[in-house]
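Secondary and tertiary structure notes
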Amino acid sequence: QPAAIRVLVVDDHTLFRRGLISLLSGDARFEVVGEAGDANEAHQRALATQPDVILLDNHMPGVNGVDALAGFKALAPQARVLMLTVSEDERDLAAALRGGARGYLLKTMDSEMLASAIQRTMAGESVVSPEMTSKLVSAFQALIFLSKKEIRVCRSRT
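Now for a quick tour of the structure. (Residues numbered from 1 in each chain as written. Predicted model: local features only at pLDDT ≥ 70, side-chain atom pairs only at ≥ 80, totals over all residues. Heavy atoms only, no water.)

1. Section: the sheet that holds strand E2 (residues 30-36)
Heads up, the rule is: Any two strands are treated as partners once DSSP identifies two or more bridges connecting them. Secondary structure elements are taken from DSSP: a helix is a run of H or I of four residues or more, a strand is a run of E of two residues or more, and numbering for both begins at the N terminus. Note on contacts: a residue pair is in contact if any heavy atoms of the two residues lie within 4.5 Å. Only C-alpha atoms enter the line fits that serve as axes; for helices the fit covers just the stretch in contact. Angles between N-to-C directions range over 0 to 180 degrees.
An order of E2-E1-E3-E4-E5-E6 is seen for the 6 strands of this open sheet, with the pairing classed as parallel. If you trace the sheet from one side to the other, it starts and ends with E2 and strand E6 (127-128), each paired once. As paired elements, strand E1 (residues 5-10) and E2 share 6 bridges and run parallel to each other. Paired with arginine 6 across the strands is glutamate 31, a residue of E2. Across the sheet, helix H1 (residues 14-25) is in contact with E1, E2, strand E3 (53-56) and strand E4 (80-85); its angle to E2 comes to roughly 165°.

2. Section: helix H2 (residues 39-49)
Operational definition: Only protein chains enter the area calculation, which uses a 1.4 Å probe; residues under 20% of their type maximum are buried, those over 50% are exposed, and those in between are partly exposed. Here the arc refers to the set of directions running from the helix axis out to each C-beta atom.
Looking only at H2, the buried set comprises Ala39, Ala42, His43, Ala46 and Thr49. Taken down its axis, H2 places every buried residue within 150° of arc, on the same side. In H2, the exposed positions angled more than 90 degrees off the buried face are occupied by Asn40, Gln44 and Ala48. Each element contacted by the buried residues of H2 is listed here: E1, E2, E3 and helix H3 (65-75). In the stretch just after H2, glutamine 50 is the one whose phi turns positive, near 45°.

3. Observations regarding the packing of H2 against H3
Filter applied, for reference: Angles are sorted into four bins: roughly parallel if under 35 degrees, roughly antiparallel if over 145, roughly perpendicular if 65 to 115, and oblique for all others. The handedness criterion is simple: a crossing whose near helix is rotated anticlockwise from the far helix by less than a right angle is left-handed, and one whose near helix is rotated clockwise is right-handed. Only Asp, Glu, Lys and Arg are considered charged, only Ala, Val, Leu, Ile, Met, Phe, Trp, Tyr, Cys and Pro nonpolar, and every remaining residue, Gly among them, polar.
With their axes 9 Å apart at the nearest point, H2 and H3 run at an angle of 15° to one another. Classified by the interaxial angle, the pair formed by H2 and H3 is roughly parallel. The handedness of the crossing between H2 and H3 is right-handed. Residue-level inspection shows Ala39, Ala42, His43, Ala46 and Leu47 of H2 in contact with H3, the latter providing Ala68, Gly71, Phe72 and Leu75. Of the residues belonging to the contact of H2 with H3, the class tally is 7 nonpolar, 2 polar and no charged.

Here you go:
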């Protein structure tokens, strides 16, 4: 049996965080190594526990999840960060993926989908909630459009 995936849970809503910890702790595939209610505490826990996966909420008081991503890269470089959020905003999705998150999951997903997403992330995949796929494509297309526009602007200046 492979070693349990070590998970750090970061969410400012205590009830949600504790429910998630309870859910994961009841599954032998996972070991919850820590929890945090804000980004600063999360950075300390990541450094101390060196988790495999960080489940990270985006909208938290103080520093939001996307802005905390760089700190996790520095403090626990092997950790794979999965955003676990209520935000269906394509700008949040794009910012999270640009910032280094390995996935973007909505809190509305069921427990088995979450477990599968964590395992797939450990296997090297990137995971995005199905509801966010079309928004991911839109964000990517907007990025391509902006790049082409920038290229035209640069060419017109020469």
